[in-house]
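# Fold and contact review
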Amino acid sequence: MKLKGAQILIRSLLDEGVDTIFGYPGGAVLDVYDEIFKEKLKHILVRHEQGAAHAADGYARASGKVGVCLVTSGPGATNTVTGIATAYMDSIPMVVFTGQVPTAFIGSDAFQEADITGITRPCTKHNFIVRNVNDLARTIKDAFYIAGSGRPGPVLVDLPKDVMQAEAEYTESAPLKPGSPDTMYVPDVEALNHVLDMIKEARKPVIMVGGGIILGKASDELRDFVNKVRIPVTHTLMGIGAFPGTDPLSLGMLGMHGTYYANMAVTDCDLLITIGARFDDRVTGKIDAFASNAKIIHIDIDAASINKNVLVDLPIVSNCRSALRQLNKMLEQNHFTTPEKERKAWLDQIDEWKEYAPLGYSPGENIKPQYVIETLYKLTKGDAIITTEVGQNQMWAAQFYKFNHPNTFLTSGGLGTMGYGFPAAIGAQVALPDKVVVDIAGDGSIQMNIQELATVVNYNIPVKVVVLNNGFLGMVRQWQELFYGKRYSHTGISQIPDFVKLAEAYGAVGLRAMKPDEVEPVLKKGLDTPGPVFMDFAVDPEEGVYPMVNPGAPISDMDLGR
Amino acid sequence: MIKLIVDNKPDVLARVAGIFSGRGFNIESITASITMDPGITKINIGTTGNSATVTKIQNQLKKLVDVRQVSRVRETKFGQREMALIRLNLTEKNKNKVEKAIEDLNCRVITRKSDYCVIEATGTEDEIEQVLKHLKPLGMEDMSRSGIVAL
């Protein structure tokens, strides 16, 4: 049977198992929206295309599936670019469909025309423009495969209007290549044997994990591995939840705002086993001083990430899960036992560091933002899905909420996109309706996508927003305080809306806490209130994020803020 | 030099070039042409940088979906060639020297007018460098290089 391009698109999405898409209509995608009207595909109408892209990203991170968004041509497409770049930097599987002017008009500067494949070439894993309706089904299949396989990433498919109107035969096409991402990128057994030898020789080993564990669905295997080798684990920002944060072997996050003990352990270790992380500059600090006494093993699915920033002693290109499974098998076969005595000395040293400088803050008259997050952790029993904006709110969330499960901490790590958290929370909540989803935000970043209040009210999406309101663009202010002589150039944003009234104006519930003893009751009430809730916390205006490693300094060189 | 085997698609050259520009690598020369299989294009790129840098470029290029094969070519067993077209001014004074140089350097004359000539030089990159070095003081007015092609 012949179908119109728009029908083929919807049928292809349903055949891919897509249950929800996030989007915003426009002239170039009228035919597609007409089919959505007829078909049973759930579509969440956002209020800005950037919101659609972040929501699809949040959906993907929370569910582990490919997120999908649909927008029109020109400005609709360009509005998704920040969302696409965000997903690209964090390797999030996502397919973005953009409308395009009819093929005959392409290149003529037509109304609402933008060369979106050209614009997004550097921030997509791959992109397509479909010029012939006969290529449509195949291209969509390829797009989903590329987005989800190997090192995942966003894929954009540009759809000219006439292609959506033209007809072609539709049959579900076969997958792009035989073999799933799991069976590709298998590790080299010889190299893994070498890993075991290096573990046996090490006296002060550390495991460092990143987002690759979460994307590769390897958390169980990691836990198993750590239990066998008894090596302390630190994680990057993207690796939060990869290993239980409450486990005694967890060192928490490392890097610029990492824990004292994680940074000391990595600096002092003699073996660093890095799995699914890419040595971002915020993690390594001064490269020459990073784990400079250690042999470094790097297991990663992306060969291009190996020896890019840090030179390693043993590179292993592999899917994290396959590598860890194989290592666990080998450990069992070899009857591996931990060198208890030596390991104890190392763990004692780490305990000393933990005692010397635990994560903390000094309570005061004002509400401390860290206290808000600690209380949120207590009230949600650590079981919520947390999204963040970017800046201080993000770092405090990473430090003071303990995550025990993967896919529960959603943050823009690589690109650092303010305005990410709220729409991402929408995506996560739509993917997992029974979960408590909380966006930890600042008063600056929440305003970057605040229009999505209309979306959460529209669909009664019960996202809770915690605004740590300090009247500043806090992280930039902190840098101005430390490195620019307290000249707070354009970081004071005391001219902000009354968030309670604003939430109410949109039809959501708004709550406010002004004093420390109001924090718990407000959080409790907010979490217990059905539907979307905005909670505004007037926090200490000049509280800083500590520990802090000055940019370019070794990570052992920390300002503990005391 | 880096040799790429890629799908013959309209935007593949932009993708390849984007890896270089986006990551701060330099393209010294580039040739792209269709192969015996019309679906496949071969791209030869001359670049500079130490071995580690070139490996980084190769790894990034390998990630492109349309790129099938990336290899580093130092010297291929089938050889590599570059062509240069060179325009020389002819005067009574330099005429004989130019004639001799063309013969010594194994170049071919394509156009000859009373006051100028255009010659073609083909050889390895180094040989082309040598030819240019010799001809420059003899009244070289303009030249154009093809970039390297390799099998």
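Residues numbered from 1 in each chain as written. Chains lettered and ligands numbered in written order. Predicted model: local features only at pLDDT ≥ 70, side-chain atom pairs only at ≥ 80, totals over all residues.

## With respect to the overall build of chain B
Across its full length, chain B holds four helices and eight strands. For chain B, the succession of helices and strands along the chain, N to C, is β-α-β-β-α-β-β-α-β-β-α-β. Overall, chain B is about 60 × 35 × 30 Å in size when its C-alpha atoms are taken along their principal axes. For chain B, buried positions account for 19% of its 151 residues. The contacts of chain B with a sequence gap of at least 6 include a subset with a gap of at least 24, amounting to 71%. (Helix = DSSP H or I, 4+ residues; strand = E, 2+ residues; numbered from the N terminus. Buried ≥ 20, exposed ≤ 12 C-beta atoms within 10 Å, placed from the backbone. Contact = placed C-beta atoms within 7 Å.)

## So, the domain arrangement of chain B
All names here are of chain B. Domain parsing of chain B yields domain 1 (2–72) and domain 2 (80–150). Domain 1 and domain 2 are separated by 30 Å when their C-alpha centres are compared. Of the residues lining the interface, six residues belong to domain 1; the matching set on domain 2 comes to six residues. Looking at the side of domain 1 that touches domain 2, the elements with two or more residues in it are strand 2 (27–34) and strand 3 (40–47). Examining the composition of the side of domain 1 that touches domain 2, we find that three residues originate from one element, strand 2, more than from any other. Class assignment for the residues of the side of domain 1 that touches domain 2 results in one nonpolar, four polar and one charged. (Domains from an automatic or database assignment. Nonpolar A, V, L, I, M, F, W, Y, C, P; charged D, E, K, R; others polar.)

## Looking at the environment of Cys269(A)
Residue and element names in this part refer to chain A. Relative to the elements of secondary structure, Cys-269 occurs in the loop between helix 12 (260–268) and strand 12 (271–275). Residue Cys-269 is classed as buried on the basis of its 26 C-beta neighbours within 10 Å. Put simply, Cys-269 and Lys-204 are 65 residues apart on the chain and 4.9 Å apart in space, counted from C-alpha to C-alpha. Excluding residues within four positions of it along the chain, Cys-269 makes contact with Lys-204, Pro-205, Val-206, Ala-291 and Ala-294.

## Section: the nonpolar core
As a rule of thumb, soluble globular proteins bury nonpolar side chains together. Formed by 176 residues in total, the largest nonpolar core has its most connected members in Val95(A) and Val466(A). Once residues lying within four places of it in the same chain are set aside, the contact partners of Val95(A) are Val66(A), Val68(A), Ala143(A), Phe144(A), Ala147(A), Val155(A) and Val157(A). (Core = buried A, V, L, I, M, F, W, Y, C linked by C-beta atoms within 7 Å.)

## Some details on helix 14 (residues 320–333) of chain A
All names here are of chain A. Relative to the 20 Å expected for 14 residues at 1.5 Å per residue, helix 14 spans 20 Å between its end C-alpha atoms, a close match to the ideal helical length. Of all the residues in helix 14, the buried ones are Cys-320, Arg-321, Ser-322, Ala-323, Leu-324 and Leu-327. Those residues of helix 14 that are buried lie in contact with helix 9 (189–201), helix 10 (211–215), helix 11 (219–229), strand 12, strand 13 (295–300) and strand 14 (314–317). Of the residues trailing helix 14, His-335 is marked for its positive phi of about 50 degrees. (Expected span 1.5 Å × (residues − 1).)

## Observations concerning the interface of chain A and chain B
Contacts between chain A and chain B engage eight residues on the former and 10 residues on the latter. Within the side of chain A that touches chain B, the residues separate by chemical class into four nonpolar, two polar and two charged.

## Let's talk about the domain arrangement of chain A
Residues and elements named next belong to chain A. Assigned domains within chain A: domain 1 (2–169), domain 2 (189–356) and domain 3 (369–546). Here domain 2 and domain 3 have C-alpha centroids that lie 31 Å from each other. Contacts between the two partners involve 12 residues from domain 2, matched on the other side by 14 residues from domain 3. Looking at the side of domain 2 that touches domain 3 residue by residue, the class counts come to seven nonpolar, five polar and no charged.

## Quick notes on the sheet that holds strand 12 of chain A
Residue and element names in this part refer to chain A. The sheet built from six strands is open, its strands ordered 11-10-9-12-13-14 with parallel pairing. In this open sheet, the two strands that pair with only one neighbour each are strand 11 (250–253) and strand 14. Sheet twist, expressed as the average angle between the axes of neighbouring strands with direction ignored, equals 15 degrees. Relative to strand 10 (residues 233–235), strand 9 (residues 205–209) runs parallel, the two being bridged by three bridges. Bridge pairing in strand 10 links Ile-207 to Val-233. Relative to strand 11, helix 12 is tilted by about 105 degrees, and along the sheet it contacts strand 9, strand 10, strand 11 and strand 12. (Pairing = 2+ DSSP bridges. Axes fitted to C-alpha atoms, helices over the stretch in contact; angles between N-to-C directions.)

## Examining the pairing of strand 18 (residues 464–469) of chain A
Residue and element names in this part refer to chain A. When you tally the buried positions in strand 18, you get six out of six residues, the bulk of the element. Burial along strand 18 is two-sided: Lys-464, Val-466 and Leu-468 and Val-465, Val-467 and Asn-469, pointing in opposite directions, are all buried. Two elements, strand 17 (residues 437–442) and strand 18, share five bridges in a ladder whose sense is parallel. Directly across from Asp-439, in strand 18, lies its bridge partner Val-465.

## What to know about the sheet that holds strand 2 of chain B
Residue and element names in this part refer to chain B. In space, the four strands of this open sheet follow the order 2-3-1-4, with antiparallel pairing throughout. A strand with exactly one partner marks an edge of an open sheet, and here the two such strands are strand 2 and strand 4 (67–72). Within this sheet the neighbouring strands show an average axis-to-axis angle of 15 degrees, counted without direction. Direction of pairing for strand 1 (residues 2–7) relative to strand 3: antiparallel, over a ladder of six bridges. Across the sheet, residue Val-6 finds its bridge partner in strand 3, namely Thr-41. Along the sheet face, helix 2 (residues 51–62) touches strand 1, strand 3 and strand 4 and points at about 170 degrees away from the line of strand 4.

## Structural notes on the packing of helix 11 of chain A against helix 14 of chain A
Residue and element names in this part refer to chain A. Running from N to C, helix 11 and helix 14 point in directions that differ by 35 degrees, and their axes come no closer than 9 Å. Seen from above, helix 11 lies across helix 14 with left-handed handedness. Counting all contacts with helix 11, which are made through Glu-221, Leu-222, Asp-224, Phe-225 and Lys-228, the residues of helix 14 involved are Arg-321, Leu-324, Arg-325, Leu-327, Asn-328 and Leu-331. (Left-handed = near helix turned anticlockwise from the far one by under 90°.)

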